[in-house]
Amino acid sequence: MDKPLRCDLIEIEKINLLEGVTAEDCIEGDLTNQIRTISDSLYYGVEGGQQAITFQVSNKAGDVRAVEVDLIITD
């Protein structure tokens, strides 16, 4: 990630969670286009606070990596 995952409550419906998120494998190289997000859903009614978002990526060998980050929602 090239910046913190933050979003204004007004903009939450428009957020691109993958913007600025990249992944690289030492053999296959850039895996950015294979990153997936996992979350129950974004709660549009949340005023302030945070929500857990998991980013997951895998290579052709089946190696899977996941990292959980918090989406900070400001009001």
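Scoring rules and cut-offs
- Residues numbered from 1 in each chain as written.
- Predicted model: local features only at pLDDT ≥ 70, side-chain atom pairs only at ≥ 80, totals over all residues.
- Heavy atoms only, no water.
- Helix = DSSP H or I, 4+ residues; strand = E, 2+ residues; numbered from the N terminus.
- Areas by Shrake-Rupley, 256 points an atom, 1.4 Å probe, with all protein chains shown as cover.
- Pairing = 2+ DSSP bridges.
- Axes fitted to C-alpha atoms, helices over the stretch in contact; angles between N-to-C directions.
- Contact = heavy atoms within 4.5 Å.

Participant: Just to check I follow, could you spell out the overall build of the chain for this structure?
Facilitator: Summing up its helical and strand segments, the chain has 0 helices and 6 strands in all. Counting from the amino terminus, the chain carries its helices and strands in the arrangement β-β-β-β-β-β. Taken as a whole, the chain presents about 5400 Å² of accessible surface, with 46% of it coming from carbon and sulfur.

Participant: Is there a simple way to explain the sheet that holds strand β5 (residues 49–58) in this structure?
Facilitator: Two orientations exist for strands paired in a sheet by backbone hydrogen bonds: parallel and antiparallel. An order of β1-β6-β5-β4 is seen for the 4 strands of this open sheet, with the pairing classed as mixed. The open sheet has two edge strands, β1 (6–8) and β4 (36–38), and neither has a second partner. Strand-to-strand twist of the sheet, defined as the mean angle between neighbouring strand axes without regard to direction, takes the value 35°. Relative to strand β6 (residues 64–74), β5 runs antiparallel, the two sharing 10 bridges. Its bridge partner lying in β6, Ile53 is registered against Val69.

Participant: In this structure, what is going on with the side chain of Thr54? I would like to understand it.
Facilitator: Its location among the elements puts Thr54 in strand β5. When sequence neighbours within four positions are dropped, the list of residues in contact with Thr54 reads Arg36, Thr37, Ile38, Ala66, Val67 and Glu68.

Participant: Whenever I open this one, the pairing of β5 confuses me. Can you help?
Facilitator: Consecutive side chains of a regular strand alternate in pointing toward one face of the sheet and then the other. Relative to β5, β4 runs antiparallel, the two sharing 3 bridges. In the sheet register, Arg36 faces β5, and the bridge partner there is Gln56. Between β5 and β6, which pair antiparallel in sequence order, lie 5 residues; one of them, Gly62, sits at a positive phi of approximately 95°.

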